[in-house]
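Here are the chains, one letter per residue:
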Amino acid sequence: MWRTQRRNRPVEDVVPSLHAIIPAGGAGTRLWPVSRAGHPKFLIDLTGSGRSLLQQTYDRLVPLVGKAGVNVITGARHREAVVAQLPDLADEQIVAEPSPRDSMPAIGLMTALIHRRDPDALVASFAADHLILDEPRFLDAVRQAADVAREGFVATIGLRPLSPSTAYGYIETGDALPAASDAAAVLRFVEKPEAAQALEYLRAGTFRWNAGMFVSRADVMLDHLRREQPRLHAGIEEIAAAWDGPDRDEVLEGTWPTLTRIAIDHALAEPVAAAGGVAVIRADFGWSDIGDFAAVSQAVLGTERDLGIVGDPRDVAAVDSSGIVVTSGRAVSVLGVEDIVVVDTPDALLVTTRARAQQVKQLVDHWRDVGREDLL
């Protein structure tokens with residue numbers, strides 16, 4: 001099992017004016033049937049740590065921004081669960097979006113709200129459902145990204161690729177930048193590649209995995225948004241202007257559905273990188289987006305056995321088998337099977353292989369198509 005490396009950091013070690021944004025959305029369909037629309041993966045402890053992925057994200061950000069500097073934007077149906085898992089956050093630190101509009105509207109709105117409270121703010125966005133192994137190195141990378149962002153760049157963190165993965169996007173790096181020791185210019189962002197292309201990227205040595213982490217001055221991000229997505233920017237500013245007044249709910253409900261549904265990569269990162277405005281911190285701190293059960297298996301698999309178990313190990317009997325078993329209390333037995341994925345929940349059973357783990361969302365599509373909303 002992954003063991004996160006931590007160290008105690010004094011309160012005064014927080015990064016001045018840095019505010020963390022945690023977009024907590026998505027249904028995690030590749031992790032069905034554990035992750036559901038009503039209880040998605042960021043609310044779940046997938047590694048047996050005792051803390052959900054959201055709580056682990058919060059824990060690693062507090063040393064950088066303090067408890068008052070953590071902000072979560074999540075779906076309206078998940079707000080109550082987020083409040084329960086993060087009781088130290090004040091009401092204004094948890095924003096509920098009326099409907100999913102992808103990452104740019106969520107991050108943009110929270111950035112606009114933070115900028116109104118702190119005109120000198122730096123904002124740093126981190127997904128709610130990722131795992132990080134070496135937290136000291138992560139903290140160092142974010143600090144470097146903050147230094148670069150103060151220079152006017154949109155900074156991202158690119159992870160050293162460990163394999164020719166087709167599950168991640170890539171960042172092509174250029175010349176080193178003087179603002180931080182591990183900083184470099186970003187030449188372009190690349191979508192998830194085919195296997196042959198991913199192998200070329202790995203061999204080239206100039207590509208990093210895109211972990212979806214962004215750090216920027218709030219005013220810089222909003223200025224880029226104004227230029228690249230003027231309609232989206234106008235809607236966000238309209239909502240932010242009404243936020244502390246009596247018309248908040250009315251403006252939010254009326255304007256939010258009109259906002260362009262777009263990811264931050266497409267809205268800002270790609271066009272700003274093409275103009276030379278994005279920098280990357282080249283990092284290596286043991287990262288996974290826990291995007292499917294193959295990734296869960298890698299995270300929980302102990303060195304002493306070939307079968308990873310999420311749940312009570314006493315509920316699993318395994319002989320000459322490898323892969324991962326997720327159990328919710330019923331006894332599961334596997335005999336003589338390699339690379340298997342077994343996920344047993346009270347109302348659904350999944351059996352596949354780690355090699356096919358990325359395709360689990362096709363099963364979710366099937367159950368939706370046949371009207372089994374109870375399984376979603």
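Being a predicted model, the structure only gives us computed values, none of them experimental.

Engineer: I'd like to hear about the sheet that holds strand S16 (residues 340–345), residue by residue, with values.
Structural biologist: Paired through backbone hydrogen bonds, the strands of a sheet run either parallel or antiparallel to each other. If you walk across this open sheet you meet the 4 strands as S12-S14-S16-S17, and the pairing is mixed. Lying at the two open borders of the sheet, with one neighbouring strand each, are strand S12 (307–310) and strand S17 (348–353). Each strand axis lies, on average, 10 degrees off the axis of its neighbour in the sheet, ignoring direction. As defined by bridge partners, strand S14 (residues 323–326) adjoins S16 across 4 bridges and the pair is classed as parallel. The partner of Val-326 across the bridge, within S16, is Val-343.

Engineer: Tell me what's going on with the UniProt feature "domain: MannoseP isomerase/GMP-like beta-helix" (unreviewed entry) in the protein, and back it up with residues and numbers.
Structural biologist: The feature "domain: MannoseP isomerase/GMP-like beta-helix" (unreviewed entry), as given by UniProt, occupies residues 317–365 in the numbering adopted here. In this annotation, residues 317–365 is assigned 10% helix and 47% strand; the end-to-end C-alpha distance for the span is 31 Å.

Engineer: Any chance you could break down unusual backbone geometry for me, citing the residues and the numbers?
Structural biologist: For the peptide bond that leads from Trp-32 to Pro-33, omega is 10 degrees, which places it in the cis range. The residue Pro-33 is located in the loop between strand S1 (18–24) and helix H1 (53–65) in this model. Of note in the backbone geometry, Ser-17 takes a positive phi value of approximately 65 degrees without being a glycine. With respect to the helices and strands, the residue Ser-17 is situated in the segment before S1. In this structure, Asp-320 takes a positive phi of about 50 degrees despite not being glycine. Mapped onto the elements, Asp-320 comes out in the loop between strand S13 (316–319) and S14. Assessed through its relative accessible area of 61%, Asp-320 is described here as exposed.

Engineer: Kindly report on helix H3 (residues 103–117), identifying the contributing residues and their values.
Structural biologist: If you check H3, its first and last C-alpha atoms are 21 Å apart, about what 15 residues at 1.5 Å a residue would give, namely 21 Å. With 12 of its 15 residues buried, H3 lies for the most part within the structure. Buried within H3 we find Ser-103, Met-104, Pro-105, Ala-106, Ile-107, Gly-108, Leu-109, Met-110, Thr-111, Ala-112, Leu-113 and Ile-114.

Engineer: Help me get a handle on the layout of surface pockets, residues and values and all.
Structural biologist: Size it by volume and the second largest pocket reaches roughly 400 Å³. Surrounding the second largest pocket, 21 residues form its lining, Ser-165, Ala-167, Tyr-168, Ala-295 and Gln-298 being those nearest its centre. For the lining of the second largest pocket, the elements supplying multiple residues, two or more each, are strand S11 (287–288) and helix H10 (293–300). Looking at the lining of the second largest pocket element by element, the count peaks at 3 residues for H10.

Engineer: Could you give me a rundown of the side chain of Gln-56, with the residues and numbers involved?
Structural biologist: Position of Gln-56 relative to the elements: it lies in helix H1. For Gln-56, the residues in contact, after removing those within four places along its chain, are Asp-45, Thr-47, Ser-49, Arg-51 and Leu-131.

About the criteria used
Along each chain, the written sequence defines residue order, and numbers are assigned to residues from 1. The predicted nature of this model means local features are confined to residues of pLDDT at least 70 and side-chain atom pairs, given and counted, to a pLDDT of 80 or more, with totals for whole chains, interfaces and linings taken over all residues. Here the side-chain values reflect all heavy atoms present in the structure, with hydrogen atoms and water set aside. At least two DSSP bridges between two strands are required for those strands to pair. Put simply, DSSP H or I for four residues or longer makes a helix, DSSP E for two residues or longer makes a strand, and each gets a number counted from the N terminus. Orientation is described by axes fitted as lines to C-alpha atoms, over the contacting stretch for helices, and by angles from 0 to 180 degrees between their N-to-C directions. UniProt positions are given in the numbering used here, feature names are shortened, and annotations may be inferred rather than shown by experiment. Burial classes: relative accessible area under 20% of the type maximum marks a residue as buried, over 50% as exposed, and values in between as partly exposed (1.4 Å probe, protein chains only). Between the first and last residue of a helix there are one fewer steps than residues, each counted as 1.5 Å, and that sum is the expected span. Of the two site types, the cavity is a set of points on a 1 Å grid over the protein atoms alone where a 1.4 Å probe fits but cannot get out, and the pocket is an open set with protein on both sides within 12 Å along at least five of seven lines, each lined by residues with an atom within 4 Å of a point. Grid points are joined across faces, edges and corners, and a volume is the space filled by probe spheres set on the points. Here, residues are in contact when the closest pair of their heavy atoms is within 4.5 Å.

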